[in-house]
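Residues per chain, in single letters:
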Amino acid sequence: MGVMHDSEQLFVQVQKELEQMQPYVQSHQGEIELISIENYTVIVRLKGACDTCPLSFYTITFGLEQRLQKSINSAIRVIIQD
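Residues numbered from 1 in each chain as written. Predicted model: local features only at pLDDT ≥ 70, side-chain atom pairs only at ≥ 80, totals over all residues. Heavy atoms only, no water.

Draft legend 1. Summary view of the overall build of the chain. Check the secondary structure of the chain and you find two helices and three strands. Along the chain, from the amino end to the carboxyl end, the secondary structure elements read α-β-β-α-β. The C-alpha atoms of the chain give 12 Å as radius of gyration, which agrees with the globular expectation for 82 residues (12 Å, within 12%). The buried share of the chain, reckoned over its 82 residues, is 35%. In the chain, once contacts between residues fewer than 6 apart in sequence are set aside, the share between residues at least 24 apart is 52%. For the chain, the accessible area works out to roughly 5200 Å², and carbon and sulfur atoms hold 52% of it. If the 6 positive side-chain charges of the chain are averaged to one point and the 10 negative ones to another, these points end up 6 Å apart. (Helix = DSSP H or I, 4+ residues; strand = E, 2+ residues; numbered from the N terminus. Rg over C-alpha atoms; globule rule 2.2 N^0.38 Å. Buried < 20%, exposed > 50% of the residue type's maximum accessible area, 1.4 Å probe, protein only. Contact = heavy atoms within 4.5 Å. Areas by Shrake-Rupley, 256 points an atom, 1.4 Å probe, with all protein chains shown as cover. Lys, Arg positive; Asp, Glu negative; His and termini not counted. Charge placed at Lys NZ, Arg CZ, Asp CG, Glu CD.)

Listed below in structure tokens is the structure:
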């Protein structure tokens, strides 16, 4: 497990990682919006093509979630808000 973070620092770190992923997501006419973080649960909203893409689960789970777990804390989970 990684180092504990206060909520503001965690939000900034997650936003930074998400911004680094955006060019890939935008190249598919999509966007991932960070809604909130509750403990280590990151809540995002999918926009554009990502909202209806059947593969968005893989982008979130094997892309964003794993990236956040490796760079910030292994306890992080990402949930998609409708």
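And the narrative resumes.
Draft legend 2. Summary view of the sheet that holds strand E3 (residues 77–81). A sheet is described by the order of its strands in space; here three strands give the open sequence E1-E2-E3, paired in mixed fashion. For this open sheet the edge positions go to strand E1 (30–38) and E3, each flanked by a neighbour on one side alone. Within this sheet the neighbouring strands show an average axis-to-axis angle of 35°, counted without direction. In the sheet, strand E2 (residues 41–48) pairs with E3 via five bridges, with the strands oriented parallel. Bridging across to E3, Val-42 finds its partner in Val-78. (Pairing = 2+ DSSP bridges. Axes fitted to C-alpha atoms, helices over the stretch in contact; angles between N-to-C directions.)

Draft legend 3. Expanded view of a nonpolar patch on the surface. Together, Leu-55, Phe-57, Tyr-58 and Phe-62 make up a nonpolar patch on the protein surface, roughly 450 Å² of accessible area in all. If you trace the backbone, Tyr-58 turns up in helix H2 (residues 56–71). (Patch = residues over 30% accessible without salt bridge, like charges linked within 9 Å, V, L, I, M, F, W, Y side chains within 5 Å. Salt bridge = Lys/Arg side-chain N within 4 Å of Asp/Glu carboxyl O.)

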